[in-house]
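Tertiary structure, described
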Amino acid sequence: MTRTEDTASTGARAAAQSAASESAETQHIELEIGGMTCAACAQRIEKKLNKLDGVSATVNYATEKASITGGADVQELIAAVEKTGYTAQPPLAPEEEPTGGSVADKDLSRLRLRLVIASVLSIPVVLLAMLPALQFPYWAWVSLVLSLPVVLWAGWPFHRSAALNARRGAATMDTLISLGTLAALLWSLYAMLFGHAGDPHLRHEFVLFAEPYWVSGESMGSANVYFEVATAVTSFLLLGRYFEKRSKARAGQALRSLLTMGAKQVSVLRPRDSGAPEETRIPIKDLVVGDEFIVRPGEKIATDGVVVSGFSAVDMSMLTGESVPVEVAEGDRVIGATINESSRLRVRATGVGSDTQLAQMARMVEDAQSGKAEVQRLADRISGIFVPIVLVIAVVTLLAWLLLGAPAEVAFTAAVAVLIIACPCALGLATPTALLVGTGRGAQLGILIKGPEALESSRGIDVAVLDKTGTVTTGAMQVTALHSVGCTDTADGFDDLTVLRLSGALESSSEHPVARAVANAARESLGSRSGTLSVPEEFRNHQGYGVSGVVRGRSVLVGRRRFLEDQGIEVPAEVGGLLSYAESQGSTPVLVGIDGHFAGVVIVADTVKESAVGAVAQLKKLGMEPILLTGDNEGAARRVADAVGVHRVIAEALPGDKVRVIQQLQAEGQSVAMVGDGVNDAAALAQADLGLAMGTGTDVALDAADITVIRGDLRSVADAVQLSRRTLRTIRENLFWAFLYNTAAIPLAAVGLLNPMLAGLAMVLSSLSVVANSLRLRRYQGA
């Protein structure tokens, strides 16, 4: 090798290393994080990751994912997360997930098992402690046996979280739960082994106010057990944790639905030994750019591509929001996961896998979800101050009694009473009970509310952005008008029924959505959708133009104006204005010729839902400005907006445009609700402050939304917002009273006026008040 070659080689290697380094520095990595119990956990992991050289990381508690850019190795990132006490792994593709379910599903199942076992074991413990009539000999020892698995096994997530936080010098609500339940259990065990609580004939009597030590000079702390406090608190808090976890698990389905809604297999054309291409059925993952594949009527288009041959109507409503199927021919682009409606197509793949429009939409949904502000429950926010204060008060109470010369038993009894009275049982119930009642009542009204975040988002909504197709309109093509034209050289002329039934009979042989609308209208003119139309004696499909045939001995043509004129039928000049007006309104005009003469025009369009006008009025009454946002043209959008009373219209918006519209409104300081039903709305639903999906829409839209309106009735959107606001108000009332109870009772416990038994009773009473307040939501009747 010459010196020149060596220099060149060295330069090439240096350039390659530089490029590799630059690529490493700019790489994007995602990790699934496990073990987080609150937003503080996400903050700790984020801080740990950002301490690594060249790493910029954000951790989202809601999606349980870390988004990382920089040059760190994946294993190094995982090790950093594990050092903080959590787990991490790269996300699995949907097809790679274990057959037994995702990691989140397994975590939810384990939590459900803990909740069920804790509840079953806690019920007899609470009944034995609260009802003296049930207290048989050695009942306290039975309570001990039942309580140990509840507190130590079912409550393990709280103890583990408390231990992890203690290692970092932090305290959360889990710290208070762990200390309170363990203190109740250990003090009861001490009372049984070294006090009088182990007496076979122990009786628990309700004493509302214990006589303090500084009055009586005696302590009864070692004669009581508090197993019911430890088990009830554990069960109630597991209930709250379960509903929170379930809500988060369901939120993650949106991306999986997007990525799995496409075709699973494809009929690809591959050359054989003979040289002629033959159809071969292969998994979609084996398709590569440049492959040509076949799409039959009714099948999903496998991936993004260009039509090589064929002519058909493609239903793109799930992706674009267009209510009318788009006709495609040779050279036109098609999008994966859309549905071929009428004829066979041969398509060449131009994008596969992550390069498809479907995958890009999945990324938009994920970005919108990750960018959503994390709304923590009020209890978690206040606990940052409340928990350390309670711990300090408990320690001060212990030391103060000891310094005053009281026996250690008295001091410990008072300190335990402080911990137990402060243990947040009512706080744990405040959100899940209101959420249970509110969502249960919502389900009766056709409304599904996914979680507390949706409730908080509903509070300050200023703008309601409404998708058109399937939300304000029915989303199905229907005949909206019929204009027949009498003809002087025929004996009977062409009345409306003649034109409709002859054209409907001919169109019944076609699978085109417009043809189906005409055929359905013809059947309804016979009395019902099941009415029997005449069977055409002849039928021919003229791709892209129309259909022709013979019905009851009469020659019938149905299609575009040019089609009729090419067949020698003169279309009156005055019809041109009608056609232009219909098209400007987003309708589809279909011309009909009978026996060589022009017979009339059938107008087909997507129709407005009957409930839409009242629904828009209700939204305005709730203080929201309605905006119509659609992928359809300006004329169609304006026609619908005028019909329902919406003044602001944004038309011809692609999925990415819809997200940008939401972002623009938010940048203007508006709090935005998005109402939609299609895949094209999914990213916008996730981006909005409050996403509401119509239950008649796609699974992706339902998963991306915060609230689902099952019935597809737009009036239920106003009901959903109002019910959400009332449920949120109930949660806040519950939290207020729960905290008031805690803060008022703590001083009483500290000075010895409350023993732990009374603390347990007070805990139950406060919980009952929270439940009673939540049950008021059952009376909600709708907006």
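Here is what the cut-offs are and how they apply
Residues numbered from 1 in each chain as written. Predicted model: local features only at pLDDT ≥ 70, side-chain atom pairs only at ≥ 80, totals over all residues. Heavy atoms only, no water. UniProt positions renumbered as here; feature names shortened; annotations may be inferred. Helix = DSSP H or I, 4+ residues; strand = E, 2+ residues; numbered from the N terminus. pLDDT = per-residue confidence, 0-100. Contact = heavy atoms within 4.5 Å. Buried < 20%, exposed > 50% of the residue type's maximum accessible area, 1.4 Å probe, protein only. Pairing = 2+ DSSP bridges. Axes fitted to C-alpha atoms, helices over the stretch in contact; angles between N-to-C directions. Parallel < 35°, antiparallel > 145°, perpendicular 65-115°, else oblique. Left-handed = near helix turned anticlockwise from the far one by under 90°. Nonpolar A, V, L, I, M, F, W, Y, C, P; charged D, E, K, R; others polar. 1 Å grid on protein atoms, 1.4 Å probe; cavity = no way out; pocket = protein on both sides within 12 Å on 5 of 7 lines; lining within 4 Å. Points joined across faces, edges and corners; volume = space filled by probe spheres on them. Lys, Arg positive; Asp, Glu negative; His and termini not counted. Salt bridge = Lys/Arg side-chain N within 4 Å of Asp/Glu carboxyl O. Phe/Tyr/Trp six-rings, centres within 6.5 Å; stacked < 30°, edge-to-face > 60°. Patch = residues over 30% accessible without salt bridge, like charges linked within 9 Å, V, L, I, M, F, W, Y side chains within 5 Å. Areas by Shrake-Rupley, 256 points an atom, 1.4 Å probe, with all protein chains shown as cover.

Another aspect to go through is the UniProt feature "transmembrane region" (unreviewed entry) in the chain. Per the UniProt entry, the sites bearing "transmembrane region" (unreviewed entry) are residues 115-132, 138-156, 176-197, 225-243, 382-404, 410-437, 734-751 and 757-775 in this numbering. Summarising residues 138-156: 89% helix, 0% strand, and an end-to-end C-alpha distance of 27 Å. Along residues 176-197 one finds 86% helix and 0% strand; the C-alpha atoms at either end are 25 Å apart.

The pLDDT averaged across the chain works out to 77; a share of 78% of its residues lies at or above 70. Segment residues 368-377 is flagged for pLDDT under 50; beyond a separation of four residues in sequence, or across chains, it makes 27 contacts in the model.

Turning next to the pairing of strand 21 (residues 597-608). A large share of strand 21 lies buried, amounting to 10 of its 12 residues. As paired elements, strand 16 (residues 473-484) and strand 21 share eight bridges and run antiparallel to each other. From the neighbouring strand, Val 479 faces strand 21, where its bridge partner is Val 604. Linking two consecutive strands that pair antiparallel, namely strand 20 (residues 588-594) and strand 21, is a turn of two residues; a positive phi of about 55 degrees is found at Asp 595 within it.

For any two helices packed against each other, the geometry is given by the interaxial angle and the distance between the axes. Direction vectors running N to C along helix 18 (residues 496-507) and helix 19 (residues 513-525) enclose 130 degrees, while the axes themselves pass 8 Å from each other. Viewed along their axes, helix 18 and helix 19 adopt a mutual orientation that is oblique. Crossing handedness for the pair helix 18 and helix 19: left-handed. Facing helix 18, whose interface residues are Leu 497, Leu 500, Arg 501, Ser 503, Gly 504 and Glu 507, helix 19 presents Ala 515, Val 518, Ala 519, Ala 521, Ala 522 and Ser 525. Across the contact of helix 18 with helix 19, the residue classes break down as seven nonpolar, three polar and two charged.

At a minimum axis distance of 7 Å, the contact between helix 22 (residues 612-621) and helix 27 (residues 715-750) shows a crossing angle of 25 degrees. By the angle between their axes, helix 22 is roughly parallel relative to helix 27. Residue-level contacts link Gly 614, Ala 615, Gln 618 and Leu 619 of helix 22 to Arg 715, Val 717 and Ala 718 of helix 27. Broken down by class, the residue content of the contact of helix 22 with helix 27 amounts to four nonpolar, two polar and one charged.

Turning next to the layout of surface pockets. In this structure, the second largest pocket occupies an estimated 900 Å³ of space. For the second largest pocket, the lining is made up of 43 residues, of which Glu 327, His 512, Val 514, Arg 560 and Thr 588 are closest to its centre. Residue assignment for the lining of the second largest pocket shows that the elements contributing at least two residues are strand 9 (312-315), strand 10 (326-328), helix 19, strand 17 (538-542), strand 18 (546-551), strand 19 (554-559), helix 21 (574-584) and strand 20. Taken together, the residues of the lining of the second largest pocket break down into 16 nonpolar, 19 polar and eight charged.

Along the chain, Asn 50 turns up in helix 2 (residues 39-50). Here the alpha-carbon distance between Asn 50 and Ile 68, two residues 18 residues apart in the chain, equals 9.0 Å.

Before going further, it helps to spend a moment on the side chain of Glu 507. Within the element layout of this structure, Glu 507 appears in helix 18. No salt bridge is formed by the buried Glu 507; the nearest opposite charge belongs to Arg 516, separated by 10 Å.

The subject of this paragraph is the sheet that holds strand 23 (residues 648-650). Ordered in space as 14-26-25-24-15-22-23, the seven strands form an open sheet in which the pairing is mixed. Looking at strand neighbours, the two that pair on one side only are strand 14 (447-449) and strand 23, the edges of this open sheet. In this sheet, neighbouring strand axes are inclined to one another by 20 degrees on average, regardless of whether the strands run parallel or antiparallel.

A few words now on the packing of aromatic side chains. Centre distance and the angle of the planes are the two values used to describe a pair of aromatic rings. Tallied over the entire structure, the rule returns three aromatic pairs. Ring centres 5.6 Å apart and planes at 35 degrees place the aromatic pair Tyr 190 and Phe 194 in the tilted group. Of the two residues, Tyr 190 and Phe 194 are both situated in helix 7 (residues 173-194); the distance of four residues between them amounts to about one turn of the helix. Residue classification places Tyr 190 among the partly exposed positions, given a relative accessible area of 32%. For Phe 194, a relative accessible area of 63% gives the class exposed.

For the rest of this paragraph, the subject is helix 23 (residues 634-644). Looking only at helix 23, the buried set comprises Gly 635, Ala 636, Ala 637, Val 640, Ala 641 and Val 644. In the segment just after helix 23, Gly 645 is the residue with positive phi, at about 90 degrees.

What follows deals with a nonpolar patch on the surface. There is a patch of nonpolar side chains on the surface, built from Tyr 138, Trp 141, Tyr 190, Leu 193 and Phe 194 and spanning about 550 Å² of accessible area. Looking at which element gives the most residues to the nonpolar patch, the answer is helix 7, with three residues.

The subject of this paragraph is the pattern of salt bridges. Taken as a whole and judged by the stated rule, the model has 14 salt bridges. Between Glu 279 and Arg 296 there is a salt bridge whose closest N-O contact spans 2.8 Å. Of this pair, Glu 279 sits in strand 6 (residues 277-283) while Arg 296 sits in the loop between strand 7 (292-295) and strand 8 (304-309), and the two are 17 residues apart along the sequence. Through salt bridges that share partners, Glu 279, Arg 296 and Arg 344 make up one connected network.

Let's shift gears to the sheet that holds strand 18. Here we have six strands laid out as an open sheet, ordered 16-21-20-19-18-17, and antiparallel in their pairing. Of all the strands in the sheet, just strand 16 and strand 17 have a single pairing partner and so form its edges. Pairs of neighbouring strands in the sheet enclose a mean axial angle of 20 degrees, with direction left out of account. Sheet topology note: the strand 18/strand 19 ladder contains six bridges and is antiparallel. Paired with Val 551 across the two strands is Arg 554, which belongs to strand 19. Each of strand 16, strand 20 and strand 21 is contacted by helix 19, which is oriented at about 65 degrees to strand 16, the strand it contacts most.

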